[in-house]
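Notes for the structure review
Now for the letters of each chain:
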Amino acid sequence: MSASRRSGTTDELGPDEPEQPERDGADLLAALLDGMDAALCAFDADGVVTHWNREAERILGWSAAEAVGRQGFAGWAVRRADAGEVEERLLSAMRAPGRQVHEFALLTKDGGRVLVRTQSAAVRGPDGRPAGVYCAFSEVHAQIDLERSIALSEALLEDASWGVVLVDVDLRPAVVNAHAARALGAGRTSVLGRPLGELLAQGVEELEGALTHVLAEGAPPGPTEVWVSVRTPEGERRRCWRSGFVRLASPLAEEPVPLGVGWLFQDVTEGKQAEQEAALLRFRSNQLHRAARAAAECEDPAEAAVVHLDFALAGFADHALIDRVAGGAGPGPADADGTGPEESGPVRLVRVAATPSGAPGPSVPAGTSGMPVRYGEGHPALQCVERAGSVRASAGVRPVPAERVREWATARQWPADTVHGLCAVLRSRGRTLGVVTFLRGSGRSAFERSDAVYAEDVAVRIAAALDLGGALGER
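On a predicted model such as this, the values are computed, not experimentally measured, just so you know.

Right, let's talk about the nonpolar core for a bit. With 33 residues, the main nonpolar core has F316, I322, L426, V436, F438 and I462 as its most contacted residues. Only α9 (269-295), α10 (301-313), β12 (319-325), β13 (349-354), β17 (418-428), β18 (431-441) and α13 (449-467) provide two or more residues apiece to this core. The element contributing the most residues to this core is α13, with 9 residues. Judged by nonpolar contacts, the second largest core, of 28 residues, contains C41, V68, A77 and V78.

Okay, here's the thing in structure tokens:
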């Protein structure tokens, strides 16, 4: 079926032989037009349809035989009420330079309406004067979908309030938005092409495992929370990112060709920390309640104190010690003039109970005689008694060599693997009775202020148990 109206002269004997090349040229033009992916049509200077390709037939349903030769679109491809305006827009291209872009509704053969976007331009004759107009058109919704996709991509990469990273098949960032660059602690261009291990100190294995799974199997059913440590000039920052992943594949290939992974994430660190703190508070409150119930069954006050210590130790520290002030009670609070009560000498502590060192197990009372502890001057336990308040000590926040840890712990008479210590004073009825010490080994975080509050709560209960019946008196 021809896509164009051929022109030529004939007589009663048929067309002359020299007209054959013109037919061949028209056939070639019709074939080229039919092979185009875009819908194409053309009008002569009077507005008569001269060309109509297969894509135009697919969109509107009108064949070339039905379209070619009609005067404009009036009454068949456009409503009569709109025909004048549509024709004026199309033919105006003959009088204007360049291409003219318009949008209007066309009618399909079955009576439906299709919103199209047209690009039209003038066709010049041999004398340079306008001889007609050619028009390419497409359904607007396809163009709008493309524009929306582009707009969405630009918005995600520029204005989104969450991080967007396009990771290539080598698991290296190819594109990042401004939010992601800030979260990674680097510039948008400086992170491109770098291994994730150079950007993150911890959590790299989990993140790369998720990206590899998405490349191989597709996106997971829901978001994933990943804890990472971000390398920054100020040091490492511990963050929790709620992440979603989508696999990217080329739409131009018959078989999906992986292009990488789209990684979208939000920083939910504050919310997760709040959840963890709330859960920790609930756990510690339950432990204190359970300890009180268990201690109430103990006849020996020292045994009740050990019960409180064992319940407090769970999930809180690796080792614990209870030391009493020799003589039953230490100095009380300072007098109003700040001089404090008269003291007979330096504070001396006697070991009451301790957890076994090097192996798990319950705390062990020191026996009736008690073991004197010769702490050096400035020891955290002595400071705790002197200040009547909690004292925290640490071998270092960053990873510390094992030899230095042993030296630090040995100097304080603590187990050799101790890295962090927390001492809380034992006070009852206005008297300082001793000190309870909690110790953490390597691989655990330092004690924080919230830990000190919990240790003080435990110390109050231990002191009350030991003070009952003069348990800390001279034995």
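This paragraph deals with the packing of α9 against α13. α13 packs onto α9 with a crossing angle of 10° between their chain directions and a minimal axis gap of 11 Å. The angle between α9 and α13 falls in the class roughly parallel. Contacts from R284, Q287 and L288 in α9 reach S450, D451, Y454, D457, V458 and R461 in α13.

Closest axis-to-axis distance for the α10/α13 pair is 7 Å, and the angle between their directions is 165°. With respect to each other, α10 and α13 are oriented roughly antiparallel. The handedness of the crossing between α10 and α13 is right-handed. Residues P301, A302, A304, A305, H308, L309, F311 and A312 of α10 lie in contact with α13, whose contacting residues are Y454, V458, R461, I462, A465 and L466.

Turning next to unusual backbone geometry. Despite not being glycine, L171 has its phi angle at roughly 65°, a positive value. Secondary-structure assignment places L171 in the loop between β6 (163-167) and β7 (173-176). With phi around 55°, R429 is a residue other than glycine that occupies positive phi space. On the secondary structure map, R429 appears in the loop between β17 and β18.

Below, the discussion takes up α13. Between its terminal C-alpha atoms α13 stretches 27 Å, which fits the 27 Å expected from 19 residues at 1.5 Å a residue. Of all the residues in α13, the buried ones are D451, A452, Y454, A455, V458, A459, I462, A463, A465, L466 and D467. Buried positions along α13 lie against α9, α10, β12, β17 and β18.

So, on to the packing of aromatic side chains. What the rule picks out here adds up to 13 aromatic pairs. Ring geometry for W52 versus F137: centroids 6.4 Å apart, planes at 50°, classification tilted. Of this pair, W52 sits in strand β2 (residues 49-52) while F137 sits in strand β5 (residues 130-139), placing them 85 residues apart in sequence. Here F137 falls in the buried class, since its relative accessible area comes to 3%. Judged by centre distance (5.0 Å) and plane angle (75°), the ring pair of F316 and Y454 falls under edge-to-face. Of this pair, F316 sits in the loop between α10 and β12 while Y454 is found in helix α13, placing the two residues 138 residues apart along the sequence. Put simply, the rings of F43, W52, W62, F73, W76 and F137 pair up and form one aromatic cluster. The ring of W62 has R70 lying over it, and the distance from NZ or CZ to the ring centre is 5.5 Å. Taking the ring centre of F447 as reference, the NZ or CZ of R440 above it sits at 4.0 Å.

Let's shift gears to helix α4 (residues 80-91). Over its 12 residues, α4 extends 17 Å from the first C-alpha to the last, a length consistent with the 16 Å expected when each residue adds 1.5 Å. Within the sequence span of α4, burial applies to A83, V86, L90 and L91. Seen end-on, α4 carries its buried residues on one side only, within an arc spanning 115°. On the buried face of α4, the contacting elements are β1 (39-44), β3 (100-107), β4 (113-124) and β5.

Bringing the confidence of the model for the protein into the picture now. If pLDDT is low for a region, its predicted coordinates should not be looked at in detail. Per-residue pLDDT for the protein has a mean of 82; in total, 83% of the residues score no lower than 70. No element of the protein has a lower mean pLDDT than helix α1 (residues 20-34), at 59, and none a higher one than β17, at 94. Contacts from residues 4-15, a stretch scored under 50 in pLDDT, to residues over four places away or in other chains number 20 contacts. Considering only residues more than four positions removed or in separate chains, one finds that residues 332-343, a stretch of pLDDT under 50, has 9 contacts.

Calculation notes
- Residues numbered from 1 in each chain as written.
- Predicted model: local features only at pLDDT ≥ 70, side-chain atom pairs only at ≥ 80, totals over all residues.
- Heavy atoms only, no water.
- Core = buried A, V, L, I, M, F, W, Y, C linked by side-chain atoms within 4.5 Å.
- Buried < 20%, exposed > 50% of the residue type's maximum accessible area, 1.4 Å probe, protein only.
- Helix = DSSP H or I, 4+ residues; strand = E, 2+ residues; numbered from the N terminus.
- Axes fitted to C-alpha atoms, helices over the stretch in contact; angles between N-to-C directions.
- Parallel < 35°, antiparallel > 145°, perpendicular 65-115°, else oblique.
- Contact = heavy atoms within 4.5 Å.
- Left-handed = near helix turned anticlockwise from the far one by under 90°.
- Expected span 1.5 Å × (residues − 1).
- Phe/Tyr/Trp six-rings, centres within 6.5 Å; stacked < 30°, edge-to-face > 60°.
- Lys NZ or Arg CZ within 6 Å of the ring centre and 35° of its normal.
- Arc of directions from axis to C-beta.
- pLDDT = per-residue confidence, 0-100.

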